[in-house]
Amino acid sequence: MSENASANELTSQYTAQVTADLERNTKEQERLSAEITALQQQLTALERDHGVLVSIQQAIDSAPTPLRTAEPVEAAEPAGSVTVPAPRKKSAAASGTRKRAQSKKAASQPARSAEKPAARKRAVSKKATPEKAVPKKDTAKKDTAKKDTAPGEATKTAQPTLVDLVRGHLAQQSEPRSAAEIATALGETHPERTVKVTVVRTTLEGLVAKAQAQRTKQGSSVFYTAADASEAAAPAQAEKEPATADA
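To keep things clear, this report deals only with the structure shown in the data block.

Conventions and cut-offs
- Residues numbered from 1 in each chain as written.
- Predicted model: local features only at pLDDT ≥ 70, side-chain atom pairs only at ≥ 80, totals over all residues.
- Heavy atoms only, no water.
- Helix = DSSP H or I, 4+ residues; strand = E, 2+ residues; numbered from the N terminus.
- Contact = heavy atoms within 4.5 Å.
- Buried < 20%, exposed > 50% of the residue type's maximum accessible area, 1.4 Å probe, protein only.
- Pairing = 2+ DSSP bridges.

## Overview of the side chain of Thr-203
Here Thr-203 shows up in helix α6 (residues 197-209). Setting aside chain neighbours within four positions, we find Thr-203 in contact with Leu-162, Val-163 and Val-166.

## Concerning the environment of Arg-201
For Arg-201, the location among the structural elements is in helix α6. On the basis of relative accessible area, Arg-201 is assigned to the partly exposed category, the value being 27%. As for Arg-201 and Val-166, which are separated by 35 residues in sequence, their C-alpha atoms are 9.9 Å apart.

## What to know about the pairing of strand β2 (residues 221-226)
Regular strands place side chains that alternate from one sheet face to the opposite one. Strand direction decides the pairing type here: strand β1 (residues 213-218) and β2, joined by 6 bridges, are antiparallel. What sits directly across from Gln-214, in β2, is Thr-225. Hairpin connection of β1 to β2: 2 residues between the antiparallel strands, including Gly-219 at a positive phi of 70 degrees.

Purely geometric stuff here, so don't read any function into it on its own.
This is the structure we're talking about:
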């Protein structure tokens, strides 16, 4: 009886063990099946995205590429190089006024020479007939007109040059200034003048070459300051010495 009882107990243990293993195996199969299904769905989505990307790439490759026009590259100005500035319009106007003044003087000289014999004749006639006096209103008007126009011409020709304006502006500044800033300030101060950045930069380089200004570079930008009094006086003294030696 004891042997049958032990056999039954062993059988029940095996049965319970097998049943538990079967349940665990079934659950593992279900878990793996779920994971396989999820991975299959991910694989399907990736394949679909891959097809879309391939079609987009083919469309981009088949599209014609627009021609690019080469942009003009401005030649960089070499350091220390001085370019000759273009002639200013106002200098031409001043020369025109000078030519007109010279032509007026040349035209007035024959008139004056012609007036002298007439004046002599009038003087003789005055001596002959002292009662009649001929007024000289026209000559007085001409003289007053010439006196009035002379100061105007002097003011036109006495305008400061761009070099003087740039040097004076640098002397008034306490911080370094770029060529564009100086051109803008001079244009606002002197609206009657046409101030260009390139001409101002050329003028500044000329002042630097004469040691009348100092140039500093910060990155790709160039700034200018006024030179010290001792440094500015040295080139002037050097220019005077050869002059005295030649004399």
